[in-house]
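Coordinate analysis (summary)
The primary structure of each chain is shown beneath.
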Amino acid sequence: MNLCPCGARGDPAARCSCAPERVHRYREKLSRALLDRFDLSLAVPRPRGTELAGPAGEASAAVSERVAGARRRLTDTPPPLNENARDLLTRAVERLPLSGRGRARVARVAATVAALAGAEEIAPEHLAEALSYRPPRELTE
């Protein structure tokens, strides 16, 4: 979803014309409970012309191979949280609007991040990346 009804909020090249009340009503359409059911929530800015004209990214075959390897690792033995990551997750539950379901989803995404990195256990950096994929706080308040 856009960050506001006109779609310009968060875009440095555009000017949002929405009143705060209109933005609030727009965001109220999605409840916190619904947002909590999404594993990933990302703000994706509108690409600029130079970005679209730039060189191609990583080849699909390489990505596919890396994802297949991560799936095997997750199926065989999911990586455990190390002690520092467990402490970070506990602090995140206390400080963020993170429910039990949200905590489980963050842990699952962190396991995927760790598996993609080829790590044997979930480290704080994997958990921090997973937390960065949660809905922006402004959408959950």
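Residues numbered from 1 in each chain as written. Predicted model: local features only at pLDDT ≥ 70, side-chain atom pairs only at ≥ 80, totals over all residues. Heavy atoms only, no water.

**Here's the deal with the pattern of salt bridges**
If you walk through the whole model with that rule in mind, you get six salt bridges. A salt bridge links Asp11 to Arg46, with the shortest nitrogen-to-oxygen separation between them at 3.0 Å. With Asp11 in the segment before helix 1 (20-28) and Arg46 in the loop between helix 2 (32-35) and helix 3 (49-53), the pair connects residues that are 35 residues apart, well separated along the chain. We note a salt bridge from Asp39 to Arg105, for which the minimum N-O separation is 2.5 Å. Of this pair, Asp39 sits in the loop between helix 2 and helix 3 while Arg105 sits in helix 6 (residues 100-117); the two residues are 66 residues apart in sequence, bridging distant segments of the chain. Here Arg105 falls in the buried class, since its relative accessible area comes to 18%. Each of the salt bridges in this network shares a partner with another, and the network as a whole consists of Asp11, Arg46 and Arg48. (Salt bridge = Lys/Arg side-chain N within 4 Å of Asp/Glu carboxyl O. Helix = DSSP H or I, 4+ residues; strand = E, 2+ residues; numbered from the N terminus. Buried < 20%, exposed > 50% of the residue type's maximum accessible area, 1.4 Å probe, protein only.)

**Concerning the nonpolar core**
Considering soluble globular proteins, one finds that nonpolar side chains tend to be buried as a cluster. With 17 residues, the main nonpolar core has Leu89, Val106, Ile122, Leu127 and Leu131 as its most contacted residues. Secondary structure elements with two or more residues in this core: helix 5 (83-95), helix 6 and helix 7 (124-132). Broken down by element, this core gets its largest block of residues, seven residues, from helix 6. Residue contacts for Val106: discarding those within four places in its chain leaves Leu89, Leu98, Leu127, Ala130, Leu131 and Arg134. (Core = buried A, V, L, I, M, F, W, Y, C linked by side-chain atoms within 4.5 Å. Contact = heavy atoms within 4.5 Å.)

**Concerning the environment of Leu81**
Here Leu81 lies in the loop between helix 4 (60-76) and helix 5. Spatially, the C-alpha atoms of Leu81 and Leu127 are 8.8 Å apart, while their sequence positions differ by 46 residues. The contacts of Leu81, once residues within four sequence positions are left out, are Arg86, Leu89 and Ile122.

**Concerning the confidence of the model for the protein**
Averaged over every residue, the pLDDT of the protein is 88; residues scoring 70 or more account for 96%. The least confident element of the protein is helix 8 (residues 137-140), whose mean pLDDT is 50; the most confident is helix 7, at 96. (pLDDT = per-residue confidence, 0-100.)

**Remarks on the packing of helix 5 against helix 7**
Between helix 5 and helix 7, the shortest axis-to-axis distance is 8 Å and the interhelical angle comes to 30°. Judged by the inter-axis angle, helix 5 sits roughly parallel to helix 7. In this structure, helix 5 uses Asn84, Ala85, Leu88, Leu89 and Ala92 to contact helix 7, whose residues at the interface are Pro124, Leu127, Ala128 and Leu131. Partitioning the contact of helix 5 with helix 7 into residue classes produces eight nonpolar, one polar and no charged. (Axes fitted to C-alpha atoms, helices over the stretch in contact; angles between N-to-C directions. Parallel < 35°, antiparallel > 145°, perpendicular 65-115°, else oblique. Nonpolar A, V, L, I, M, F, W, Y, C, P; charged D, E, K, R; others polar.)

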